[in-house]
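Each chain is listed here by its residues.
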Amino acid sequence: EAGVVQSPRYKIIEKKQPVAFWCNPISGHNTLYWYRQNLGQGPELLIRYENEEAVDDSQLPKDRFSAERLKGVDSTLKIQPAELGDSAVYLCASSVSGETQYFGPGTRLLVL
Amino acid sequence: GNSVTQMEGPVTLSEEAFLTINCTYTATGYPSLFWYVQYPGEGLQLLLKATKADDKGSNKGFEATYRKETTSFHLEKGSVQVSDSAVYFCALFTGGGNKLTFGTGTQLKVEL
């Protein structure tokens, strides 16, 4: 069974530029999560989707971050414009029940 | 709110030594508890879990017992290997919030 796929694995951009991350969850997993992991910290939830509906986006900085999950399968997370403090690892996870989540390899973002 | 506290690292051990990484939690309701492992440059992998009090989760020689009376879920392994070097995250899940809450992680270094 294929795991959660994310791309790109690494991204370096200058501040104020836009950036987008893509995630394809495990087949059949209706719940999709985006987490941000700062250096030396545990992941923190940004947004949770149940199928194509964003059911928890309370921690998503909506002034610059946006996400979509068209057709309830793969998902894109966007930052526009990026700031220095956005440098982090962005992790996507998926699950069937919500409780046991499977993570992708993450996208390491560096904003210069 | 929910929170997870882990012992600070790095924890440095010699190969074949006994490992304990402490984890305590604060949560409303009855959470499920998890240990995830993150190898350098990779995403999080589920190591083990326990869903109710006194349950023991185990995998790859690692064990952790859900202790409700002490609100703890300490990770143990009887004999560590160099390949166990990674960052270990304790996490809890409650159905009310439907999200994982992570500790800050504990880095383990195993030397020959």
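Structural data are supplied above this passage.
Now for a description of the structure that goes with this document. Predicted, not measured: the structure shown is a model, and the values here were computed from it. (Residues numbered from 1 in each chain as written. Chains lettered and ligands numbered in written order. Predicted model: local features only at pLDDT ≥ 70, side-chain atom pairs only at ≥ 80, totals over all residues. Heavy atoms only, no water.)

## Let's talk about the overall build of chain A
At step 1: Per the secondary structure count, chain A includes zero helices and 11 strands.
At step 2: Walking chain A from its N terminus toward its C terminus, one meets helices and strands in the order β-β-β-β-β-β-β-β-β-β-β.
At step 3: Against the 2.2 N^0.38 benchmark of 13 Å for 112 residues, chain A shows a C-alpha radius of gyration of 13 Å, consistent with a compact globule.
At step 4: The buried share of chain A, taken over its 112 residues, is 46%.
At step 5: For chain A, restricting intrachain contacts to residue pairs at least 6 apart in sequence, the fraction spanning at least 24 positions comes to 53%.
At step 6: Total accessible area on chain A is roughly 5600 Å²; 49% of this is exposed by carbon and sulfur atoms.
At step 7: When the 12 basic and 14 acidic side-chain charges of chain A are each reduced to a single mean position, those positions are 8 Å apart. (Helix = DSSP H or I, 4+ residues; strand = E, 2+ residues; numbered from the N terminus. Rg over C-alpha atoms; globule rule 2.2 N^0.38 Å. Buried < 20%, exposed > 50% of the residue type's maximum accessible area, 1.4 Å probe, protein only. Contact = heavy atoms within 4.5 Å. Areas by Shrake-Rupley, 256 points an atom, 1.4 Å probe, with all protein chains shown as cover. Lys, Arg positive; Asp, Glu negative; His and termini not counted. Charge placed at Lys NZ, Arg CZ, Asp CG, Glu CD.)

## Remarks on a nonpolar patch on the surface
Residues and elements named next belong to chain A.
At step 1: Taken together, I12, L110 and L112 make up a surface patch of nonpolar side chains, about 300 Å² in accessible area.
At step 2: Relative to the helices and strands, I12 resides in strand β2 (residues 10-13).
At step 3: Its relative accessible area of 58% is what places I12 among the exposed residues. (Patch = residues over 30% accessible without salt bridge, like charges linked within 9 Å, V, L, I, M, F, W, Y side chains within 5 Å. Salt bridge = Lys/Arg side-chain N within 4 Å of Asp/Glu carboxyl O.)

## Details of the state of the cysteines
At step 1: The final tally for this structure, using the stated rule, is two disulfides over all chains.
At step 2: Between C23 of chain A and C92 of chain A runs a disulfide, and the two sulfur atoms are separated by 1.9 Å. Taking the sign of the torsion about the S-S bond as the criterion, the disulfide between C23 of chain A and C92 of chain A, at about -70°, is left-handed. Of this pair, C23 of chain A sits in strand β3 (residues 19-24) while C92 of chain A sits in strand β9 (residues 88-95); the two residues are 69 residues apart in sequence, bridging distant segments of the chain.
At step 3: On the basis of relative accessible area, C23 of chain A is assigned to the buried category, the value being 0%.
At step 4: One disulfide bridge connects C23 of chain B with C90 of chain B, the sulfur atoms lying 2.0 Å from each other. Across the S-S bond of C23 of chain B and C90 of chain B the torsion is about -70°, and the bridge reads as left-handed. In this pair, C23 of chain B is assigned in strand β4 (residues 23-26) and C90 of chain B in strand β10 (residues 86-94), connecting sequence segments 67 residues apart. Comparing C23 of chain B with C90 of chain B shows no difference in burial state: the two are buried. (Disulfide = S-S within 2.5 Å.)

## Details of the sheet that holds strand β8 (residues 62-65) of chain B
Residues and elements named next belong to chain B.
At step 1: One open sheet accounts for four strands, arranged β3-β9-β8-β7; its pairing is antiparallel. Looking along the sheet, the strands with just one partner apiece sit at the ends: β3 (19-21) and β7 (56-59). Shown here is a sheet whose adjacent strand axes are inclined to one another by a mean of 15°, direction ignored. (Pairing = 2+ DSSP bridges. Axes fitted to C-alpha atoms, helices over the stretch in contact; angles between N-to-C directions.)

## Here's the deal with the packing of aromatic side chains
At step 1: On inspection of all chains with the given rule, the structure shows 11 aromatic pairs over all chains.
At step 2: Measuring from ring centre to ring centre gives 6.0 Å for F103 of chain A and F102 of chain B, while their planes differ by 75°; the resulting arrangement is edge-to-face. Remark: F102 of chain B occurs in strand β11 (residues 99-102) and F103 of chain A occurs in strand β10 (residues 102-103); the pair is interchain, linking two chains. We note that F103 of chain A, like F102 of chain B, is buried.
At step 3: Members of the aromatic cluster, joined through ring pairs, are Y33, Y35 and F103 of chain A together with F34, Y36, F89 and F102 of chain B. (Phe/Tyr/Trp six-rings, centres within 6.5 Å; stacked < 30°, edge-to-face > 60°.)

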